[in-house]
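So the chains spell out like this:
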Amino acid sequence: MNGDKGEVIKVSGPLVIARGLTGARMYEMVRVGEANLFGEIIEIKGDDYSIQVYEETEGIGPGQPVVRTKEPLSVELGPGLIRSIYDGVQRPLDTLAQDFGEYIVRGAERPALDRSSKWNFNPVAKIGDSVEPGDVLGTVQESNLVVHKIMVPPGRSGIVKKIGPVTGNVDSEVAVIEGPEGLFSVTMVQRWPVRDPRPVAKKLMPTDPMTTGQRVIDMFFPITKGGTACVPGPFGSGKTVVQHQLAKWADAEIVVYVGCGERGNEMTDVLMEFPHLKDPASGEPLMERTVLVANTSNMPVAAREASVFTGITIAEYFRDMGYSVALMADSTSRWAEAMREISGRLEEMPGEEGYPAYLGSRIASFYERAGNVICLGSEKRSAALSLIGAVSPPGGDLSEPVVQATLRVVKIFWGLDDKLAFSRHFPAINWLTSYSLYQNIVDKSADEHLDALWSTNRKRAMGMLQREAELEELVRLVGIDALPYDDRLLLQGAKIIREDFLHQNAFDERDTYTSLKKQFMLLKMILHYYDEAKVAMTAGATLDSLLSLKVLDDIARAKLIPEDDPGQFAVLENRITETIRELTRK
Amino acid sequence: MAGITKEYRTVKQVAGPLMLVEGVEGVTYGELADIKLQNGMVRRGRVLEINGDKAMVQVFEGTSGLSPQDVRVKFLAKGMELGVSIDMLGRVFDGFGRPTDDGPAIIPEKYLNVNGNPMNPFSRDYPNEFIQTGISTIDLLNTLVRGQKLPLFSGSGLPHSHLAAQIARQAKVLKTGEKFAVVFAAMGITFEESEFFVADFRRTGAIERSVLFINLADDPPIERIALPRMALTAAEYLAFEKDMHVLVILIDLTNYCEALREISAARREVPGRRGYPGYLYTDLSTLYERAGRIKGKTGSITQIPVLTMPEDDKTHPIPDLTGYITEGQIMIHRGLHTLGIYPPVDVLPSLSRLKDKGIGAGKTREDHADVMNQLYSAYARGKNAKELAVVLGESALSETDILFVKFADAFEDRFVRQGEDENRTIEESLRIGWELLAMLPKNELKRVRDAYLEKYYPKQ
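Keep in mind that this is a model prediction, so the values were computed, not measured.

Rules behind the numbers
Note that residues are indexed from 1 along each chain, following the sequence as it is written. Labels are handed out in written order, letters beginning with A for the chains and numbers beginning with 1 for the ligands. In keeping with the predicted nature of the model, local features appear solely for residues at pLDDT of at least 70, side-chain atom pairs appear and are counted solely at 80 or more, and the whole-chain, interface and lining totals rest on all residues. Note that water and hydrogens are dropped before the side-chain values are worked out from all heavy atoms of the structure. A helix here means a DSSP run of H or I that spans at least four residues, while a strand means a run of E at least two residues long, and both kinds are numbered starting from the N terminus. This radius of gyration counts C-alpha atoms alone. The globule rule is 2.2 Å times how many residues there are, raised to the power 0.38. Buried, partly exposed and exposed residues are distinguished by accessible area as a fraction of the type maximum, computed with a 1.4 Å probe on protein chains only: under 20%, between the cut-offs, and over 50%, respectively. Any two residues whose heavy atoms approach within 4.5 Å at even a single point are treated as in contact. Every accessible area reported is derived by Shrake-Rupley at a probe size of 1.4 Å, with residue values counting cover from the shown protein chains alone. Two strands pair if DSSP finds at least two bridges between them. Put simply, two rings from Phe, Tyr or Trp (the six-membered ring, in Trp's case) pair if the centres are within 6.5 Å, and we call them stacked under 30 degrees between planes, edge-to-face over 60, tilted for the rest. The rule for a charge over a ring is simple: NZ of Lys or CZ of Arg within 6 Å of the ring centre, and within 35 degrees of the ring normal. Only buried residues count toward a nonpolar core. Its members are Ala, Val, Leu, Ile, Met, Phe, Trp, Tyr and Cys residues joined through side-chain atoms within 4.5 Å. We count a salt bridge whenever a side-chain nitrogen from Lys or Arg sits within 4 Å of a carboxyl oxygen from Asp or Glu. Angles here are taken between N-to-C directions and fall from 0 to 180 degrees, while the axes themselves are lines fitted to C-alpha atoms, restricted in helices to the stretch in contact. pLDDT expresses how confident the predictor is about each individual residue, on a scale running from 0 to 100. Here the quantity called buried area is the total loss of accessible area, with a 1.4 Å probe, experienced by two parts when brought into contact, counted for both. Side-chain classes are defined by residue name, with Ala, Val, Leu, Ile, Met, Phe, Trp, Tyr, Cys and Pro counting as nonpolar, Asp, Glu, Lys and Arg as charged, and the others, Gly among them, as polar.

J.: How should the overall build of chain A be read in this particular structure?
T.: Per the secondary structure count, chain A includes 16 helices and 28 strands. Rg of the C-alpha trace for chain A: 27 Å, near the compact-globule value of 25 Å for 586 residues, within the 12% margin. Projected onto its principal axes, the C-alpha coordinates of chain A cover approximately 100 × 55 × 40 Å. When the 586 residues of chain A are sorted by exposure, 61% land in the buried category. Once local pairs closer than 6 in sequence are excluded, the contacts in chain A between residues at least 24 apart make up 69%.

As structure tokens, this is what we get:
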């Protein structure tokens, strides 16, 4: 016997236990109680079905109905995703605000893709074509930046029987295909269960750098398209600013930003700022390539658990079209905490710090959904999905389970340091502890395409910074006067690298983004000063005179040299040479 | 709804603040209950878990003196509500919103569920209006804006109450003619602390535009769970229905969290760090996130939560989780307090995340950001040099470093220190900032734009 409708037995916070749902499956969605709340089956014990409910459960009690939807938690994929803001279970927050007011009321439901928007479908495939999963049937111009490809859904194939230009909402039929099981109709919208990765033809090693315009990242700890990174740091160290900067300036074609259990005002900030910011490559507003998922900390915890999956499924869908996609999840710790909370309510045996024992495998399987891939479809499109997760370790303690489980799978570690943040050095990425396993790939690419000296200069600069740290310790013991002059000059060089290269002001219009080319010239110019100064010192110039040169002010301001005026760097280098040589001429 | 008027005499277990009622019908999660004792007294409870015909009820006033045989429980078929009215201004309430002063009963305009609903992020308006608190370390360096939540992280025996009261007294926006109110939520503080606030509000007349919710240290701890929700519901009503700018002072969150831990322990939940429940973050966020502004509405809610860090430890779960939710923090420093500096705000680890949107030309002054950055970095450098001097002796410092050390001392003495009734305008704070910066050579002031140096650097 199949039960389409059961009844509530027990309610404890977001966890509801129901009976009479025989035949229901794990992760099936149900509607709970008279208030019609969203829920998902997360455990089955005999006839007891444990349901995590995505909304506040006040007023739910035994005897109230539970209705099956017979479908796992799924998202709608189609034109209209771009520029949207969704909650953790893909409810459109803008439509909810319009229809239900400023507060999110329970049981509110609206389709994720607005049915009143009309789209123009331009066919690419022709009648009689044989198509396989992932093949592009046609395109829709979704925003000024995004051409949305309507693809044959995974698992479907056949001969196109009917196709043509269509104008209509996402439910409009755009093609009819005759498959092995008979005719089926294709609309502009697909549904996909969020907990299942969307299939690809093949996964590849990452090969191309993803530039971010952030000097410390691009130069020293670069990320690739399809790469995975984590940004752990205590509160106040600037995780969210780093994530926002990447969402703004990373050279991805699509950005999905998941605000998972974080502050409401931060999402508002993104919503207000992105429409006004211009994408450096196209000049179009950044919002034209962005999808937002916002499940702030005060929104229901179970929907927070789902939000990262909702986000990554949307990201995968755009990747399947052949785009380079970047997903930022801020913060994965809140996601892990949501898992812990649900696990506690299920009375599961806890692992470390109360987190469930499956924490590590869940985190790993999430990050594994990133990658450089060949998409499904006969075109063999290549595409990439990069994933950057913020982690908020309690007390900044990196030995805690979420950081450790994350570090086991990601390839890049941008460790934020509160000491740097206190001294207002932003981004507070610690250059001594951070690492990127993609360094070689990016070095190779930059040496080939940008300047053969790229990796050499990078290594020199990093060497100076490491040496600085050693010398600093020495200075702490014996004082600066005990150091030989060349070491003191090195300290000066390292200081300039720190203050005038690594330090970058996200809120300054010009400083917020630096192209690779300018980064290279900036670092080259700093190293030039150091080299010239070293030569001058052996020729008799005093250290003090080298440290008090007026040209140092110009070096400090060089990061503000406009992108379109690179000639200024050559002028500045000449000035450095001249003023330093002047010192020894006297 | 057959069970509404039914009284149950089936209490089976009492443990800590919880009791188990069996054989119930039609009871729902979160429902309120009246618990009648044999002596006629009535206590309030709330359903924390309902399993078949067994309801677990949390008793707000505590279970002391309860005997399972004598208790009658009536479920009220509604969640916790607060009757709101504009007449709440000037009044004092307990943790359930019952008046505790001598005034008349409040005739509610309507009843609101105290849990509220989460604000839709799409409907939020970004906080960017500068609030002048008259305190230099806040206004100039950790600017507070309308709709922000900016906690004071303090420790036992530090003057956080004085600072919070001073903020409540002096806070204003540079525009005039706007309606302003204070909601004061005291959780488990002492009579003396509470009297300090009430007397201060009376002295300045602020009481007329204040709503006070007070649960003292000897009041039932479990009531502290309800209290901030009552207070924030009143704040939301005043802000978004009566167009007022509401400043909410929540003191002391540490007591709130301990009450939460008590219930969690009584329920035998799997504990997270230091015995606090795993959902502490979520629970705190449902309080803090009720600050904000809404598009198209005049009013706003600004929160100043106050918490005392056990052992002044910032990594303790309460300040730690708070810091992850709030938009910055003001750190109160024991060392400065010992030196006799009031307010003892430790500038370096303090932070206001929303300051950038609330300062600059048209809001405060064009040079604000530059002066702020310069003061920070100069003070940080001075402190570093001081540490160095401790290890190596003063002679190890360069001439410039000595200047910075002097700067750091003067900064603490003239900029950080101010009177409890000293209400500095932002111009005054900036002026003091510039006077201090003038102690340093001009070429060391790298964070200030030349144009501003030209215009504002004091002429000798």
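J.: Where do I start with the overall build of chain B in this structure?
T.: Along its length, chain B carries 13 helices and 22 strands. Computed over its C-alpha atoms, the radius of gyration of chain B comes to 25 Å, within 12% of the 23 Å expected for a compact globule of 460 residues. Once the C-alpha set of chain B is aligned to its principal axes, its extents read approximately 85 × 50 × 40 Å. Within chain B, the proportion of its 460 residues that are buried is 61%. Long-range contacts, defined as pairs at least 24 residues apart, comprise 72% of the intrachain contacts of chain B with a sequence gap of at least 6. A total accessible area of about 17,000 Å² is found for chain B, and carbon and sulfur atoms account for 50% of it.

J.: Help me understand the sheet that holds strand β12 (residues 130-132) of chain B in this model?
T.: The strands that make up a sheet pair up through hydrogen bonds in the backbone, lying either parallel or antiparallel. Residue and element names in this part refer to chain B. What the three strands build is an open sheet, ordered β13-β12-β15; its pairing is antiparallel. Unpaired on one side and paired on the other, β13 (144-145) and β15 (172-173) mark the two borders of the sheet. Relative to β15, β12 runs antiparallel, the two sharing two bridges. When the bridges of β15 are listed, Ile131 appears paired with Val173.

J.: So what exactly am I meant to see when it comes to the packing of aromatic side chains here?
T.: Any aromatic ring pair is given by two values, namely how distant the centres are and how the planes are angled relative to each other. Going through the model one piece at a time under the given rule, you end up with 23 aromatic pairs over all chains. Judged by centre distance (5.3 Å) and plane angle (25°), the ring pair of Phe93 of chain B and Phe213 of chain B falls under stacked. In this pair, Phe93 of chain B is assigned in strand β9 (residues 91-93) and Phe213 of chain B in strand β17 (residues 210-216), connecting sequence segments 120 residues apart. Owing to a relative accessible area of 1%, Phe93 of chain B belongs among the buried residues under this scheme. Between the aromatic rings of Phe184 of chain B and Phe201 of chain B, the centroid separation amounts to 5.7 Å while the plane-to-plane angle is 90°, which identifies the pairing as edge-to-face. Linking Phe184 of chain B in strand β16 (residues 180-189) with Phe201 of chain B in helix α3 (residues 191-204), this pair joins segments that are 17 residues apart in sequence. Among the residues examined, Phe201 of chain B registers a relative accessible area of 2% and is labelled buried. Taken together, the ring pairs connect Phe309, Trp335, Phe366 and Tyr367 of chain A into an aromatic cluster. When the ring centre of Phe38 of chain A is taken as origin, the NZ or CZ atom of Arg31 of chain A, which lies over that ring, is 4.2 Å away.

J.: For this particular structure, what's the right way to read the nonpolar core?
T.: In globular proteins that are soluble, nonpolar side chains generally tend to be buried together. Residues and elements named next belong to chain A. If you look at the biggest cluster of nonpolar residues, it comprises 86 residues, and the most contacted ones within it are Ile388, Trp414, Phe501, Met525, Tyr529 and Leu546. For this core, the element with the highest residue contribution is helix α13 (residues 516-538), accounting for 12 residues. Residues in contact with Phe501, not counting those within four places in the same chain, are Arg215, Met219, Phe220, Ile496, Gln519, Leu522, Leu523 and Ile526. One finds Val131, Met321, Val409 and Val410 within the second-largest nonpolar core, a separate group that totals 81 residues.

J.: Would you take a moment to explain the pairing of strand β3 (residues 28-32) of chain A for this structure?
T.: On a regular strand, one side chain projects to one face of the sheet and the next to the other, so that they alternate. Residues and elements named next belong to chain A. Among the five residues of β3, five are classified as buried, and the element is accordingly described as predominantly covered. What you see with β3 is no split at all: Glu28, Val30 and Val32 on one side and Met29 and Arg31 on the other are buried throughout. Note: β3 against strand β6 (residues 65-72), four bridges, orientation antiparallel. Looking across to β6, one finds that Val32 is bridged to Val66. Across four bridges, β3 lies against strand β4 (residues 37-45) in antiparallel orientation. What sits directly across from Arg31, in β4, is Phe38. Hairpin remark: β3 followed by β4, antiparallel, with four residues in the connecting loop; positive phi at Gly33, about 75°.

J.: Is there a simple way to think about unusual backbone geometry in this case?
T.: Peptide bonds are mostly trans, and most non-glycine residues show a negative phi. The omega torsion across Asp330 of chain A and Ser331 of chain A is 10°, close enough to zero to call that bond cis. Tracing the chain through its elements places Ser331 of chain A in the loop between β24 (324-330) and α6 (332-345). Cis peptide bonds are those with omega within 30 degrees of zero, and the linkage from Tyr342 of chain B to Pro343 of chain B qualifies with -10°. Position of Pro343 of chain B relative to the elements: it lies in the loop between α8 (334-338) and β22 (345-352). For Asn36 of chain A, which is not a glycine, the phi torsion comes out positive at approximately 60°. Within the secondary structure, Asn36 of chain A sits in the loop between β3 and β4. Even without being a glycine, Glu347 of chain A presents a positive backbone phi close to 60°. Examined against the element boundaries, Glu347 of chain A turns out to sit in the loop between α6 and α7 (359-367). Accessibility expressed as a relative area gives 64% for Glu347 of chain A, which makes it exposed.

J.: When you look at the pattern of salt bridges in this model, what are you seeing that I'm missing?
T.: Pairing is possible between side chains of opposite charge, provided their charged atoms come close. Residues and elements named next belong to chain B. What the rule picks out here adds up to 84 salt bridges over all chains. Salt-bridge contacts for Arg146 lead to Glu129; the nearest nitrogen and oxygen are separated by 3.3 Å. Taken together, the positions of Arg146 in the loop between β13 and β14 (152-154) and Glu129 in the loop between β11 (124-125) and β12 put the pair 17 residues apart, joining distant regions of the chain. Each member of the pair Arg146 and Glu129 is classed as buried.

J.: Please clarify how the side chain of Asp367 of chain B should be interpreted in this entry.
T.: Locating Asp367 of chain B in the fold gives a position in the loop between α9 (355-358) and α10 (368-392). Those residues in contact with Asp367 of chain B that lie beyond four places of it in its chain are Leu430, Trp434, Tyr452 and Tyr456 of chain B.

J.: I'm lost on the sheet that holds strand β12 (residues 147-151) of chain A in this one. Help?
T.: Residues and elements named next belong to chain A. What the four strands build is an open sheet, ordered β12-β11-β9-β14; its pairing is antiparallel. The open sheet is flanked by β12 and β14 (166-168), the only strands paired with a single partner. Direction aside, the axes of adjacent strands within the sheet are offset by 25° on average. Relative to β12, strand β11 (residues 136-141) runs antiparallel, the two sharing five bridges. Among the inter-strand pairings, Thr139 is bridged to a residue of β12, identified as Lys149.

J.: Is there a simple way to think about the confidence of the model for chain B in this case?
T.: When pLDDT drops low, the exact placement of atoms in the prediction is not to be read closely. Residues and elements named next belong to chain B. Here chain B shows a mean pLDDT of 91. Residues at 70 or above account for 99%. β14 holds the highest mean pLDDT among the elements of chain B, 97, whereas β15 holds the lowest, 84. What the predictor reports for the complex is a pTM of 0.92 with an ipTM of 0.87.

J.: Can you walk me through the interface of chain A and chain B in this structure?
T.: Many analyses report the size of an interface as the accessible area lost when the parts associate. Contacts between the two partners involve 74 residues from chain A, matched on the other side by 70 residues from chain B. Taken over both partners, the interface formed by chain A and chain B buries close to 6,000 Å², and the fraction arising from carbon and sulfur atoms is 54%. Summed over the shared surface of chain A and chain B, the number is six salt bridges. Where Lys314 of chain B meets Asp418 of chain A, a salt bridge forms, and the shortest distance between an N and an O atom there is 3.9 Å. Ranked by the residues each element gives to the side of chain A that touches chain B, the list is headed by helix α4 (residues 264-273) of chain A, at eight residues. Along the lines of polarity and charge, the residues of the side of chain A that touches chain B split into 28 nonpolar, 22 polar and 24 charged. Where strand β1 (residues 5-12) of chain A and strand β5 (residues 42-51) of chain B come together, two bridges link them in antiparallel fashion. Its bridge partner lying in β5 of chain B, Lys10 of chain A is registered against Asn51 of chain B.

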